[in-house]
Amino acid sequence: MDTLENTGMTNDPMRTQLPLAQSFFRSAGTQKTWRWFVMLAVAVVYAGAYSGEWWVGKDAALYLNLARSLACGDGYMLGGILNAHVPPGFPYLLAGMMHLGLGSFAAINAVMLVMALVALVFGYLTLCQLVHRDWALVLMCFIGCTAEMVQRSGEVLSDLPFMVLVLAALWLYLRGLRLLKPARGGWEFASLLLVAACWVRIVGIPLAAGAAVGLVLSGWNRARWRAIANLLLVLAGLTATLCAFYVRYKSVTDPTAATYSKQLDLIKDASNYLVHPIANLYYASGQLSRLLNGQRLPLAICMLVLVLPIFVAIVKSIRRGAWIGAVAILFYIGALCVVSPKLRTRYLLPISPLILFYLISGWWELGTWIGTRIRRPSLALNAIKLIMAVMLLMNVTLVARLIYQKHRADFSIAQQHGKWRYLQPTAGFLKQQEREGAVLAQQPVSYLADRPGPRLSDRLLASSPSAAELDGILRKLDISFVVIDSSEKPQAFLNALREHLRRAAPPVYTFEQVEVYRVDLHTATSRS
């Protein structure tokens, strides 16, 4: 099949300008050797980063509890309450693994690591549509060796499956634009992948819409009606997804259960963030620094060294007619800055190949502009290689420390500076108890104890109910044990519940900062 390169067209808007359109390596003789070297380096990093132990996390435990409930035939429930807090895509994937006998942490971590490598492959294929394949390989190997990517490859979170779906879709979109005759069904399959990504992460909705709009703008002179049809397909899928989520949200009438209400409240209060979009972008630049450097640099430096070059490259890309990546990033990050008061680093990971591509392109544009004025034409390329080497070195120590931690004998209790030290003892105590009923505790405790409990709404956690209301909530949720971690950020509801239970009976178990109260003892004391 003919491509724009084979037809001799030199004004291809999908390709960036030099140096990314040429090989990263100086001579053709070194290309093959260095390709194998960089791929081997990534393989060694991920082989060393694998661990059969669980990297404990609240979100990870929530996904695991939902997956266990699905695998056991109890439905999409937590503590007997229908869940409407996270999309079902990732929990169903984990439940399928559990059905296949792959429910151990060793098996799940292995699958997550493979997903990370698959994401890197799709990132490479995506960048190959924009830059020379040697540059694509170098950029994706850089992403693969960042502390953020290595960290997520060993966590049970939805970031990696979301990243795989998004990058696979972007690759098919860009590949179709690069071909004079796009493969039949390629764009349509990509559109379905973008819709499927929204069932893994809700934040995929603006990204999917942006990619589809970018496809129409980029393909206007090539495959106009087919691009419009794909935009309509994506919009229909997103509408159906939002309707399904809304129906699920409205079906949860229990005010104590966590739902999408937090996201809905953010959308209702979006005017508060629209008033200060620059401030949100300013904060997001620090997360961008952590994504690429492994650590957060001063925000003013991040804006100058990272955000400004990306903005310059996006503007140049749009002026050349290459819209997909630019619009997808603008829609995605723009939506996050509007509705999210705190942008996390891992939210940027799925689009990290595009972010790095635009960053390098922006450095090239700015470096070339400066180099022509000081008569140093090689300034831009040398500066790019130097800055990439420095950023990679900043990640090396963090990755090495992470690998060392994962192979320590006490990794399961020492991670995050011993924050989760109490998990195993407390879960062991709860598993020995014969009293039935749910356990009101953090999700990691309930998962390890195999006693799933409800996830309370943020509104309830911020309230201070009366004694009678607390008793009513405990009875309604059929709570048998309450686990209070005093080291966590104090929440009004848990503080009130702790004082309420403590007045009736002392805790039945304590371990460092953790107290476990048995609810039936409190009830019996209250009746007497």
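In what follows, the structure referred to is the one given above.
Residues numbered from 1 in each chain as written. Predicted model: local features only at pLDDT ≥ 70, side-chain atom pairs only at ≥ 80, totals over all residues. Heavy atoms only, no water.

(A) Geometry of the overall build of the chain. From N to C terminus, the chain includes 24 helices and six strands. Looking at the chain as a whole, 52% of its 528 residues are labelled buried. In the structure as shown, the chain presents an accessible area of about 24,100 Å², 62% of it carried by carbon and sulfur atoms. (Helix = DSSP H or I, 4+ residues; strand = E, 2+ residues; numbered from the N terminus. Buried < 20%, exposed > 50% of the residue type's maximum accessible area, 1.4 Å probe, protein only. Areas by Shrake-Rupley, 256 points an atom, 1.4 Å probe, with all protein chains shown as cover.)

(B) A look at the pairing of strand β4 (residues 479-485). Burial runs high along β4: seven of the seven residues are buried. Note: strand β3 (residues 438-440) against β4, three bridges, orientation parallel. Within the sheet, the bridge partner assigned to V439 lies in β4 and is F481. (Pairing = 2+ DSSP bridges.)

(C) How the structure looks around unusual backbone geometry. Not every positive phi belongs to a glycine, and D450 is a case in point at roughly 55°. Mapped onto the secondary structure, D450 falls in the loop between α20 (443-448) and α21 (458-461). Taking the relative accessible area as the measure of exposure, D450 reaches 46% and is therefore partly exposed. Here E512, not a glycine, exhibits a phi torsion of approximately 50°, which is positive. When you line up the elements, E512 lands in the loop between β5 (509-511) and β6 (514-518). The exposure class assigned to E512 is exposed, which follows from its relative accessible area of 54%.

(D) Up close: the environment of G453. Position of G453 relative to the elements: it lies in the loop between α20 and α21. In sequence terms G453 and N65 are 388 residues apart; their C-alpha atoms lie 9.0 Å from each other. Not counting the four nearest positions on each side in its chain, G453 is found in contact with L78, G79, A438, V439, Q443 and S446. (Contact = heavy atoms within 4.5 Å.)

(E) Representation of the sheet that holds β4 within the structure. The strand order across the open sheet formed by four strands is β3-β4-β6-β5, and the pairing between neighbours is mixed. Looking at which strands have only one partner, the edges of the open sheet turn out to be β3 and β5. For this sheet, the mean angle separating the axes of adjacent strands, direction not counted, is 15°. Bridge count between β5 and β6: three bridges; the pairing is antiparallel. When the bridges of β6 are listed, Y509 appears paired with V516. (Axes fitted to C-alpha atoms, helices over the stretch in contact; angles between N-to-C directions.)

(F) View of the packing of helix α4 (residues 105-128) against helix α7 (residues 159-178). It is at 8 Å that the axes of α4 and α7 come closest, and there the two elements cross at 20°. With respect to each other, α4 and α7 are oriented roughly parallel. In the packing of α4 onto α7, the handedness of the crossing is left-handed. Here α4 contributes M112, M115, A116, V118, A119, F122, G123, L125 and T126 to the contact with α7, which in turn contributes L160, P161, M163, V164, L167, A168, L170, W171 and L174. Residues that form the contact of α4 with α7 fall into these classes: 16 nonpolar, two polar and no charged. (Parallel < 35°, antiparallel > 145°, perpendicular 65-115°, else oblique. Left-handed = near helix turned anticlockwise from the far one by under 90°. Nonpolar A, V, L, I, M, F, W, Y, C, P; charged D, E, K, R; others polar.)

(G) Structural view of the packing of aromatic side chains. A complete count under the given rule lists 13 aromatic pairs for this structure. With a centroid separation of 5.1 Å and 10° between ring planes, the pair formed by W54 and F105 is classed as stacked. Note that W54 is positioned in the loop between α1 (28-49) and α2 (58-71) and F105 in helix α4, a separation of 51 residues in sequence. Seen in terms of ring centroids, F122 and W171 are 6.0 Å apart; in terms of plane orientation they differ by 45°. Their pairing is tilted. Here the residue F122 occupies a position in helix α4, and W171 occupies one in helix α7, the gap between them amounting to 49 residues. Members of the aromatic cluster, joined through ring pairs, are W54, F105 and Y447. Seen from the ring of Y447, R68 lies directly overhead, with NZ or CZ sitting 4.0 Å from the centre. In this structure, R201 packs its charged tip against the face of F162, placed 5.7 Å from the ring centre. (Phe/Tyr/Trp six-rings, centres within 6.5 Å; stacked < 30°, edge-to-face > 60°. Lys NZ or Arg CZ within 6 Å of the ring centre and 35° of its normal.)

(H) Representation of a nonpolar patch on the surface. Judged by side-chain polarity, I301, L304, V305, L308, F311 and V315 come together as a nonpolar surface patch covering roughly 510 Å² of accessible area. The topology assignment puts V315 in helix α14 (residues 299-320). (Patch = residues over 30% accessible without salt bridge, like charges linked within 9 Å, V, L, I, M, F, W, Y side chains within 5 Å. Salt bridge = Lys/Arg side-chain N within 4 Å of Asp/Glu carboxyl O.)

(I) A look at the environment of L233. Within the fold, L233 resides in helix α10 (residues 224-251). Judged by relative accessible area, L233 falls into the partly exposed class, the value being 32%. The spacing of L233 and L192 is 41 residues in sequence and 8.0 Å in space, taken between C-alpha atoms. Filtering out sequence-adjacent residues up to four positions away, L233 remains in contact with E188, S191 and L192.

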